[in-house]
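Descriptive structure summary
Letter by letter, the chains look like this.
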Amino acid sequence: MDLSLICTLAFCLTCSPVRGRSPGQDSFIIQYLERRLVQMEERLSRCEQNAVSITQKTYDLSSEVRAYASTVNVLKSEVRSQVDGVSARVDRVERELEYLENKIPVQSDIEMEEALLEQQIKAAELDLIKSKARTQLQSDCSMALSQVQSLKIVKKVGDTSGSWFKDPTAGSEKIYLLSGVRNHTALEYVSLQAFTNRTATPPPRVLQLPASWQGTGHVVFGGFLFYHKADTPNQILKVSLESGAVVDSTLLPGAGRLPAYSLNPDTYLDLAVDELGLWVVHADPDYAGNLILTKLDQPSLAVQYTWDTPCKSRDAEGAFLICGTFYVVYNTRYGGRSTIQCVYDIHDSIHSDESPVMFFPKRYTSHSSISYHPGDQQLFTWDDGYQTVYRVETRQAVPKPADW
């Protein structure tokens, strides 16, 4: 029943009594109308509540839609950026493919290039043989070690392990000290006297290296410090002593998988200098752990030649070279009298089985580094924290005629 009709009927009943109708009937109709009005008011109240609820839900939905729209815009920007990047890469690939298509030679050119490559390989092999021959025919280097003598303890400074050596440059008296097996600082003394002076006068020059070194196999040669870069298996750095900057570096093939000497487990690459130039020693696990001797070109650090020696790395504590002859020093892991038990000569004029075992002067310790100075014919060693010097006695080697 419509609300306006109910209201009209109620007004008529209250204002004009109907003839023939009793007051009880009027009262019943009025009560009925009141009940209907109350029900309608309740329904209107529920409708109002539902309208409020729908309005709130509509607002919440609108907020979510706005948030989703914002996210979609961000994703759209990212996708557009990625598409642009892919498009640029595709363009670059197309240009590179076009460049390669233009550069791919025809079959005849390939055959000519293969022939040229074979000629270059043969020429390189010939150059290598000639380089080895030049190394073997050094007329100013025909000395061989006869004995190690005259131990002198110079000083005790630094860690248990380390290295110290004298600059082999002609006329130089500088001493270099690198304490420990890992650091980035080296000390330069103007002379051996300045190093041994208790007051350190003049004080040493502190060299802050561009990268840390590892082990004890460092050398100074030609105004540069050569050392094994820490945290790398086989990288050698060449650092200028004047500027402190890295001027060159190289990776030594096959090195860094085994310590060069089992009694010095932190040294994987042992650099050395003798009358013939710059060398590096490492152990090769694929060659029964034997020591590998490599000749390096000092200016470029290029490998000139490599020799597989019969000398074992087991129980070795160090090594040095004199005129291209490789002397390996052995000891025990408890420390004892150092002995030279393996000799390898690149000239093939000295054989290890023909050479007697040579003993170091009586001192029952161990060496963490051994450096030979060609000019003074002395060994600079690090002996359990003591800096010691040995004088070596040499003899004239008798070279054999070359087979080639």
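This write-up is about the structure you can find in this document.

**A look at the side chain of Q298**
When you line up the elements, Q298 lands in the loop between β12 (290–296) and β13 (303–312). Setting aside anything within four residues of it in sequence, one finds Q298 in contact with F221, G222, F224, F226, K238 and L278.

**Here we look at the sheet that holds strand β7 (residues 224–228)**
Pairing is antiparallel across the open sheet formed by 4 strands, whose spatial order is β6-β7-β8-β9. What marks the edges here is a single partner per strand, and that holds for β6 (219–221) and β9 (246–251). Here the strands of the sheet are splayed against their neighbours by 20 degrees on average, with no regard to which way each runs. Sheet topology note: the strand β8 (residues 235–240)/β9 ladder contains 5 bridges and is antiparallel. Bridge pairing in β9 links I236 to T250.

**What to know about the sheet that holds strand β20 (residues 386–396)**
Sheet strands pair by backbone hydrogen bonding; their relative direction is either parallel or antiparallel. Pairing in this open sheet of 4 strands is antiparallel, and the strands run β1-β20-β19-β18 from one edge to the other. The two strands at the open ends of the sheet, each matched to only one other strand, are β1 (143–156) and β18 (367–373). If you compare each strand with its neighbour and ignore which way they point, the axes differ by 20 degrees on average.

**Some remarks on the pairing of β20**
Successive residues of a regular strand alternate their side chains across the two faces of the sheet. Examined bridge by bridge, β1 and β20 share 10 bridges and lie antiparallel to one another. Residue pairing across strands places V148 opposite V392, the latter belonging to β20. Judged from the 6 bridges that link them, strand β19 (residues 378–383) and β20 form a sheet pairing that is antiparallel. Bridge pairing in β20 places D383 opposite Y386. Linkage of β19 to β20, two consecutive antiparallel strands, is achieved through a turn of 2 residues, within which D384 is found at a positive phi near 50 degrees.

**Some words on a nonpolar patch on the surface**
On the surface, V93, L97 and L100 cluster together into a nonpolar patch covering about 260 Å² of accessible area. Take L100: it is sitting in helix α2 (residues 23–103).

Procedures and definitions
Residues numbered from 1 in each chain as written. Predicted model: local features only at pLDDT ≥ 70, side-chain atom pairs only at ≥ 80, totals over all residues. Heavy atoms only, no water. Helix = DSSP H or I, 4+ residues; strand = E, 2+ residues; numbered from the N terminus. Contact = heavy atoms within 4.5 Å. Pairing = 2+ DSSP bridges. Axes fitted to C-alpha atoms, helices over the stretch in contact; angles between N-to-C directions. Patch = residues over 30% accessible without salt bridge, like charges linked within 9 Å, V, L, I, M, F, W, Y side chains within 5 Å. Areas by Shrake-Rupley, 256 points an atom, 1.4 Å probe, with all protein chains shown as cover. Salt bridge = Lys/Arg side-chain N within 4 Å of Asp/Glu carboxyl O.

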